[in-house]
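Analysis of the macromolecular model
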Amino acid sequence: MSWLHALLRLTETRTTGERLAAVPADAEGFGLSVPPTESARALATLDAIAEAVTRDLGTSQAEAWRTAVLDVLADDSASPTDGLAAAWLRDLRSTAEEKRYESLRTQGVEMTRLWAQQRKMDEQTRQGLLAKVERGALSAYREIEP
């Protein structure tokens with residue numbers, strides 16, 4: 001089952017990268033905030049599902065499940081060599097092993113942060129957007145959380 005979760009997460013990672021890349025350069029308001037917020041909500045929903053799956057497993061089984069998910073993400077050779085999804089996956093691979101799984105919980109915010117940097121977004125807009133994205137992700141997680 002972990003491979004299916006990893007596949008869904010990898011697909012959502014790529015979709016998030018594509019969705020954010022498609023936001024027009026002159027986007028403002030909802031046009032700017034909805035794509036990253038929706039993406040962060042989708043990723044947070046996957047986090048809540050993972051929590052529900054591993055909650056009743058023993059410690060070693062839960063750890064093995066998480067490791068299997070991370071292995072799929074780390075070994076993904078089908079990712080494009082550039083773009084937001086590839087940048088986030090590279091960051092994940094360079095994260096210390098003991099912190100990798102935790103970093104999935106902040107993926108929506110971190111992908112938005114990378115995207116905002118690529119767009120050279122002004123600080124005020126960036127901070128406001130990151131706050132919206134974080135609230136959206138937390139809300140989605142709590143809606144699903146067992």
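Above this note sits the structure.
These numbers come from a predicted model, not from an experiment.

About the criteria used
- Residues numbered from 1 in each chain as written.
- Predicted model: local features only at pLDDT ≥ 70, side-chain atom pairs only at ≥ 80, totals over all residues.
- Heavy atoms only, no water.
- Axes fitted to C-alpha atoms, helices over the stretch in contact; angles between N-to-C directions.
- Helix = DSSP H or I, 4+ residues; strand = E, 2+ residues; numbered from the N terminus.
- Parallel < 35°, antiparallel > 145°, perpendicular 65-115°, else oblique.
- Left-handed = near helix turned anticlockwise from the far one by under 90°.
- Contact = heavy atoms within 4.5 Å.
- Nonpolar A, V, L, I, M, F, W, Y, C, P; charged D, E, K, R; others polar.
- Patch = residues over 30% accessible without salt bridge, like charges linked within 9 Å, V, L, I, M, F, W, Y side chains within 5 Å.
- Areas by Shrake-Rupley, 256 points an atom, 1.4 Å probe, with all protein chains shown as cover.
- Salt bridge = Lys/Arg side-chain N within 4 Å of Asp/Glu carboxyl O.
- Lys, Arg positive; Asp, Glu negative; His and termini not counted.
- Charge placed at Lys NZ, Arg CZ, Asp CG, Glu CD.
- Core = buried A, V, L, I, M, F, W, Y, C linked by side-chain atoms within 4.5 Å.
- Buried < 20%, exposed > 50% of the residue type's maximum accessible area, 1.4 Å probe, protein only.
- Expected span 1.5 Å × (residues − 1).
- Arc of directions from axis to C-beta.

Let us look at the packing of helix H1 (residues 2-21) against helix H3 (residues 59-74). Interhelical geometry of H1 versus H3 gives an angle of 40 degrees and a closest axis separation of 8 Å. The angle between H1 and H3 falls in the class oblique. Taken as a pair, H1 and H3 cross one another with a handedness that is right-handed. Seen from H1, the contacting residues are Ser-2, His-5, Ala-6, Arg-9 and Leu-10; seen from H3, they are Trp-65, Ala-68, Val-69, Val-72 and Leu-73. By residue class, the composition of the contact of H1 with H3 is 7 nonpolar, 2 polar and 1 charged.

Here we take up a negative patch on the surface. Residues Asp-71, Asp-75, Glu-97, Glu-98 and Glu-102 make up a contiguous surface patch of negative charge. In terms of residue count, the dominant contributor to the negative patch is helix H5 (residues 97-104) (3 residues). As for its placement among the helices and strands, Asp-75 is situated in the loop between H3 and helix H4 (84-94).

Moving on to the nonpolar core. In this structure, Leu-73, Trp-88, Leu-104 and Trp-115 are the most contacted members of the largest nonpolar core, which totals 33 residues. Elements supplying a minimum of two residues to this core: H1, helix H2 (29-55), H3, H4, helix H6 (107-118) and helix H7 (123-144). When sequence neighbours within four positions are dropped, the list of residues in contact with Leu-73 reads Ala-6, Arg-9, Leu-10, Leu-89, Leu-92, Arg-93 and Leu-104.

Here H3 is 16 residues long and its end C-alpha atoms lie 22 Å apart, about the 22 Å a rise of 1.5 Å per residue gives. Those residues of H3 hidden inside the fold are in contact with H1, H2, H4 and H5.

Across its 20 residues, H1 extends 28 Å between first and last C-alpha, which sits within 8% of the 28 Å expected from 1.5 Å per residue. Of all the residues in H1, the buried ones are Ser-2, His-5, Ala-6, Arg-9, Leu-10, Glu-12, Thr-13, Thr-16, Gly-17 and Leu-20. What you see down the axis of H1 is that its buried residues fit within an arc of 165 degrees, all on one side. The exposed set on the far side of H1, more than 90 degrees from its buried face, consists of Trp-3 and Glu-18.

Among the surface-exposed residues, Met-1, Trp-3, Leu-4, Leu-7, Leu-8 and Val-72 lie close enough to one another that they form a single nonpolar patch of about 600 Å² accessible area. The leading source of residues in the nonpolar patch is H1, at 4 residues. Of note, Leu-4 is situated in helix H1. Judged by relative accessible area, which is 33%, Leu-4 ranks as partly exposed.

Note that all results are geometric; they support no functional claim without further evidence.
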